[in-house]
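Chains, contacts and geometry: an overview
Here are the chains, one letter per residue:
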Amino acid sequence: MMVVKITLRQSANCGGKGPLGWRAGSCGLLGSGGAPSPAPSASPTATRWLSRVTSVSTQQPPRQVQGLSERSRLPPRTLHDALSDARWPCLDPRPPVTPVRSAPQPQLDPEPEGDSDDSTALGTLEFTLLFDTDNSTLHCTAHRAKGLKPPASGSMDTFVKANLLPGASKASQLRTRTVRGTRGPVWEETLTYHGFTLQDARRKTLRLCVCEDPWLRRRRRVPPLGELRVPLRKLVPNRARSFDVCLERRRLTKRPKSLDTARGMSLYEQEVEAELASEERGRVLLSLCYSSQRGGLLVGVLRCAHLAPMDANGYSDPFVRLFLHPNTGRKSKYKTSVRKKTLNPEFNEEFFYAGPREELAQKTLLVSVWDYDLGTADDFIGGVQLSSRAGGERQQHWRECLGHSDRRLELWHPLDGAPLQLSD
């Protein structure tokens with residue numbers, strides 16, 4: 001910035017009476033050294049020039065020197081240093097301009113897409129389903145889960161629970177082992193439903209839940225971390241199908257007033273249990289073989305599935321009775337061992353009835369499933385009759401067995417609520 005120093009004193013020649021009355025004593029420019037340069041003698045031309053100089057404000061912008069401004073003479077510095085170091089004054093004579101900050105614009109929440117909030121936030125489950133029609137089984141392999149949302153307890157000890165709907169939840173309930181301490185558990189475990197037929201595939205749905213460890217669930221009643229439901233009619237028999245599906249929240253529906261016998265009973269499974277309690281009693285897997293070497297009929301009781309619960313704990317203590325009618329005597333009656341607290345018992349026991357095929361073809365085999373009760377009468381669960389006078393698969397199973405020797409035939413039979421004869 002250029003500094004002008006002007007000194008005026010009264011002219012001796014004019015005696016203060018001249019037109020100006022004052023003359024320029026000295027005029028100089030202060031350079032970098034601060035020493036003023038000598039001023040020439042006063043003259044009208046100089047006086048007019050000095051008047052113009054004094055009228056010029058020092059607010060003019062810095063002059064250019066060989067194309068560079070005064071600002072460019074400073075040593076090079078970064079922008080951060082220039083803004084943070086107070087020892088470097090601003091050389092711009094113009095007042096600093098305070099930037100005007102615009103008001104923050106409100107951020108719009110993204111539009112929800114269906115159940116994205118309930119699904120992607122809960123994690124995903126990878127599993128594989130296979131319907132084996134040759135063995136009447138449904139295999140569900142739970143592979144892994146990803147991105148599970150921690151529950152309120154903070155525990156990440158999880159397992160997978162499976163149920164077939166509609167039907168009693170405990171009769172079709174299977175579960176994997178517990179994997180502890182991870183949001184991405186890997187199970188690689190197969191759950192198998194025995195006695196699964198084409199009719200079941202057409203009308204049933206598989207429900208899979210990712211749940212907390214059982215010891216935490218005993219403290220309080222908590223919902224699962226997430227669930228999903230797969231209509232089994234979409235499965236192709238004897239062909240595995242893999243799924244990677246987002247988990248959803250548990251579905252709740254109101255119970256009809258006709259079924260509202262207790263408060264707080266609004267779960268979908270409870271409604272289905274009440275509606276279908278009288279329809280499904282379970283099923284039994286029987287094997288029949290006429291042995292030519294022993295000269296009689298071999299009856300194998302292999303297993304039962306989805307039995308109706310008869311005890312207060314929601315389970316049964318099942319066993320199976322066999323009776324070949326109209327034979328009399330102890331050799332016509334057999335009974336399996338008792339399986340405690342289960343609705344899917346496995347027996348694998350075999351019994352023998354002696355006699356020629358022609359005589360056996362005129363008789364009826366009564367198979368009944370019971371719930372064992374200590375000190376009281378046993379509860380009847382269901383039964384089935386096999387004879388040449390029966391209908392459907394029961395008649396076909398009986399005739400094919402007696403029509404061929406040394407050929408074992410296995411078949412699932414649904415249980416009836418009231419067989420014709422259950423005599424001991």
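The present account deals with the structure reproduced in this document. All of these numbers come straight from a predicted model, not from anything done at the bench. The numbers attached to residues start from 1 for each chain and follow its sequence in the written order. Local features in a predicted model are, by the rule used here, given only for residues with pLDDT of at least 70; side-chain atom pairs are given and counted only at 80 or more, and totals for whole chains, interfaces and linings are based on all residues. Water and hydrogen atoms play no part in the side-chain values, which are based on all heavy atoms of the structure.

Re the pattern of salt bridges
Salt bridge, as used here: a side-chain nitrogen of Lys or Arg that lies within 4 Å of a carboxyl oxygen of Asp or Glu. The full count for this structure, using the stated rule, is 14 salt bridges. Where Glu126 meets Lys146, a salt bridge forms, and the shortest distance between an N and an O atom there is 3.2 Å. Placement of the pair is Glu126 in strand β3 (residues 124–132) and Lys146 in strand β4 (residues 137–146), with a sequence separation of 20 residues. A relative accessible area of 14% means that Glu126 is categorised as buried. The network of salt bridges with shared partners includes Glu126, Arg144, Lys146 and Glu188. Each helix is a run of H or I in the DSSP string that is no shorter than four residues. Each strand is a run of E no shorter than two, and both are numbered from the N terminus. Remark: exposure states derive from per-residue accessible area (1.4 Å probe, protein chains only) relative to the maximum for the residue type, with buried under 20%, exposed over 50%, and partly exposed in between.

Describing helix α8 (residues 393–403)
Turning to α8, its buried residues number three or more, namely Arg394, His397, Trp398, Cys401 and Leu402. Down the axis, α8 shows its buried residues gathered within 115° of arc, on one side only. Picture the helix axis, draw a direction to every C-beta atom, and the arc is the one those directions span.

Here's the deal with the environment of Phe243
Here Phe243 shows up in strand β10 (residues 241–246). For Phe243, a relative accessible area of 16% gives the class buried. Residues Phe243 and His143, spaced 100 residues apart in sequence, show a C-alpha to C-alpha distance of 9.9 Å. What Phe243 contacts, discounting residues up to four positions off in sequence, is Leu125, Glu126, Phe127, Leu129, Val230 and Leu235. Note on definitions: a residue-residue contact is assigned when non-hydrogen atoms from the two residues lie within 4.5 Å.

Details of the packing of aromatic side chains
Stacked, tilted and edge-to-face pairs are distinguished by plane angle, under 30 degrees for stacked and over 60 for edge-to-face with tilted covering the rest, among Phe, Tyr and Trp rings (Trp via its six-membered ring) whose centres lie within 6.5 Å. Scanning the model with the defined rule gives 5 aromatic pairs in all. For the pair Phe127 and Phe243, a centre-to-centre distance of 4.9 Å together with 10° between the ring planes defines the contact as stacked. Of the two residues, Phe127 sits in strand β3 while Phe243 sits in strand β10, which places them 116 residues apart along the sequence. On the basis of relative accessible area, Phe127 is assigned to the buried category, the value being 0%. On the basis of an interplanar angle of 35° and a centroid distance of 5.2 Å, the ring pair of Tyr334 and Phe351 is categorised as tilted. Taken together, the residues Tyr334 in strand β14 (residues 333–335) and Phe351 in strand β15 (residues 346–354) connect sequence positions 17 residues apart. Site record: aromatic cluster; members linked through ring pairs are Tyr334, Phe351 and Tyr353. Two limits define a charge over a ring: the Lys NZ or Arg CZ must be within 6 Å of the ring centre, and within 35 degrees of the ring normal. Its guanidinium or amino end placed over the ring of Phe159, Arg175 lies 3.8 Å from that ring's centre, counting from NZ or CZ. Its guanidinium or amino end placed over the ring of Phe352, Arg294 lies 4.2 Å from that ring's centre, counting from NZ or CZ.

Digging into the pairing of strand β16 (residues 364–371)
In terms of residue burial, β16 counts as a mostly covered element, since 8 of its 8 residues are buried. Neither face of β16 is open: one carries Thr364, Leu366, Ser368 and Trp370, the other Leu365, Val367, Val369 and Asp371, and all of them are buried. Relative to β16, strand β13 (residues 318–325) runs antiparallel, the two sharing 8 bridges. Across the sheet, residue Pro318 finds its bridge partner in β16, namely Asp371. Two strands form a pair only when DSSP identifies at least two bridges running between them.

A look at the sheet that holds strand β11 (residues 283–291)
The 4 strands lie next to each other as β15-β12-β11-β18, forming an open sheet whose pairing is antiparallel. The open sheet has two free edges, formed respectively by β15 and β18 (409–414), since each of these has just one partner strand. Sheet twist, expressed as the mean angle between neighbouring strand axes with direction ignored, is 25°. The sheet contact formed by strand β12 (residues 296–305) and β15 spans 7 bridges and is antiparallel. Considered in β15, the bridge of Leu297 is made with Tyr353. The convention used is that axes are lines fitted to C-alpha atoms, helices contributing only their stretch in contact, and that angles between N-to-C directions extend from 0 to 180 degrees. Against the sheet, α8 contacts β11, β12 and β18, and its axis sits at roughly 160° relative to β18.

Quick look at the environment of Ala162
Mapped onto the elements, Ala162 comes out in strand β5 (residues 158–165). Accessibility expressed as a relative area gives 0% for Ala162, which makes it buried. Expressed as a C-alpha distance, the spacing of Ala162 and Leu206, which sit 44 residues apart in the sequence, is 7.0 Å. Setting aside residues no more than four positions away along its own chain, Ala162 makes contact with Ser172, Gln173, Leu174, Leu191, Tyr193, Leu206, Arg207 and Leu208.

A word on unusual backbone geometry
Leaving glycine out, the prevailing phi sign among residues is negative, and the prevailing peptide bond configuration is trans. Backbone torsion omega between Leu165 and Pro166 reads -5°, so that peptide bond is classified as cis. Of the consecutive residues His325 and Pro326, the connecting peptide bond is found in the cis state with omega at 10°. The topology assignment puts Pro326 in the loop between β13 and β14. Despite not being glycine, Asn238 shows a phi value in the positive range, around 60°. Tracing the sequence through the fold places Asn238 in the loop between β9 (226–231) and β10. Among the residues examined, Asn238 registers a relative accessible area of 43% and is labelled partly exposed. Backbone geometry places Lys341, a non-glycine residue, at a positive phi of 50°. With respect to the helices and strands, Lys341 occurs in the loop between β14 and β15.

Structural notes on the sheet that holds β13
Across the sheet, 4 strands lie side by side as β14-β13-β16-β17; this open sheet has antiparallel pairing. Because the sheet does not close on itself, it has two edges, and the strands there are β14 and β17 (379–386). The sheet shows a mean angle of 15° between the axes of neighbouring strands, taken without regard to direction. Across the sheet, α8 lies against β13, β16 and β17, angled at about 60° from β17, the strand it touches most.

Here's the deal with the side chain of Asp157
Relative to the elements of secondary structure, Asp157 occurs in the loop between β4 and β5. We call two N or O atoms a polar contact when they sit within 3.5 Å, provided that within protein one can donate a hydrogen and the other can accept it, with sequence-adjacent residues counted only if both atoms are side-chain atoms. Here Arg180 takes part through its side chain, which lies 3.3 Å from a polar atom of the side chain of Asp157. Reaching out from Asp157, the side chain makes a polar contact with the backbone nitrogen of Gly181 at a distance of 2.9 Å.

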